[in-house]
Amino acid sequence: VFDGDATDVEDGWWMTVGVPEGRANLVSPVALDAELDLSMRDTRAIIALFAEVKRWIRHFEGFLTVRDVKGRASLRAEGPRIRVRDLSLAGDRLEVMAEARLESDDNAGIFWGKLGAFSLGMERLGDETDFKLVNGREWYEERRASSWAEPQGGPEHAR
């Protein structure tokens, strides 16, 4: 429920997250290995949530609102370690691809996204971050194939 004058979310907003296949261990150590499917009316509610924390995002709310968002990813969580593989999101003028490995003190990820005419590629390994503003999709696909496309879902040199 979004409440307050500052939160502008249309009535009837919806989101579904499906798990077509997966396994979960709900006793310690907790583990999850699942395929996820996402579908949502638009990104408005997510933008409103961030706007509550970061006031500056309100200025970009109209640009960031994307309708008819669909997504897919593989998620594996084991204790403090989370891996997101083959993330893809698409919507009206939006396309996102990503891989990530998140641990309590060692995070790594590779991302490419396009919203309208703007696109950005980014890779984070330890304390190093590499941004790509030109030919980002080709760069993402090359980096993913060379370092991220192994079973563990993380770069070979950052294990």
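These figures come from a predicted structure and were not determined experimentally.

Let's talk about helix 1 (residues 44-53)
Along helix 1, the residues that are buried comprise R44, A45, I47, A48 and A51. The buried residues of helix 1 all sit within an arc of 160° when viewed along its axis, so they share a single face. Exposed side of helix 1, more than 90 degrees from the buried face: L49 and V53 are the residues found there. For helix 1, the secondary structure elements touched by its buried residues are strand 2 (31-42) and helix 2 (61-64).

Topic: the pairing of strand 1 (residues 15-25)
Across the 11 residues that make up strand 1, only a small minority, zero, are buried. Across nine bridges, the pairing between strand 1 and strand 2 is antiparallel. Bridge assignment links N25 to a residue of strand 2, and that residue is A31. Taking the residues between adjacent antiparallel strands as the criterion, strand 1 and strand 2 are bridged by five residues.

Here we look at unusual backbone geometry
Both trends apply: most residues other than glycine have a negative phi, and most peptide bonds are in trans. Here the bond from S28 into P29 is cis, since omega is 0°, no more than 30 degrees from zero. Mapped onto the elements, P29 comes out in the loop between strand 1 and strand 2. Phi is positive for D86, which is not a glycine, with a value near 55°. Tracing the sequence through the fold places D86 in strand 4 (residues 81-91).

Remarks on the packing of aromatic side chains
All chains considered together, the criterion is met by two aromatic pairs. Ring centres of W56 and F60 lie 6.2 Å apart, and the angle between their planes is 70°; on these two criteria the pair is classed as edge-to-face. Consider the rings of F63 and F118, whose centres lie 5.7 Å apart with planes at 85°: the pair is edge-to-face. Of this pair, F63 sits in helix 2 while F118 is found in strand 7 (residues 118-125), placing the two residues 55 residues apart along the sequence. Residue F63 is classed as partly exposed on the basis of its relative accessible area of 36%. Over the ring of F63 we find R93, and its NZ or CZ is 5.4 Å from the ring centre.

Here we look at the side chain of R85
With respect to the helices and strands, R85 occurs in strand 4. With no salt bridge to any partner, buried R85 finds its closest opposite charge in E99, at an N-O distance of 4.1 Å. A distance of 3.3 Å separates a polar atom in the side chain of R85 from the backbone oxygen of W148.

A short note on the nonpolar core
By size, the foremost hydrophobic cluster in this structure holds eight residues: M97, A108, I110, W112, L125, W139, Y140 and W148. Those elements that provide at least two residues to this core are strand 6 (108-115) and helix 3 (136-148). Ignoring anything within four residues of it in the chain, the contact list for I110 reads M97, A98, E99, M122, E123, W139, Y140, R143, R144 and W148. Residues V69, L94, V96 and L115 belong to the second largest nonpolar core, which totals seven residues.

Analysis parameters
Residues numbered from 1 in each chain as written. Predicted model: local features only at pLDDT ≥ 70, side-chain atom pairs only at ≥ 80, totals over all residues. Heavy atoms only, no water. Buried < 20%, exposed > 50% of the residue type's maximum accessible area, 1.4 Å probe, protein only. Helix = DSSP H or I, 4+ residues; strand = E, 2+ residues; numbered from the N terminus. Arc of directions from axis to C-beta. Contact = heavy atoms within 4.5 Å. Pairing = 2+ DSSP bridges. Phe/Tyr/Trp six-rings, centres within 6.5 Å; stacked < 30°, edge-to-face > 60°. Lys NZ or Arg CZ within 6 Å of the ring centre and 35° of its normal. Lys, Arg positive; Asp, Glu negative; His and termini not counted. Salt bridge = Lys/Arg side-chain N within 4 Å of Asp/Glu carboxyl O. Polar contact = N/O pair within 3.5 Å; in protein donor to acceptor, adjacent residues only side chain to side chain. Core = buried A, V, L, I, M, F, W, Y, C linked by side-chain atoms within 4.5 Å.

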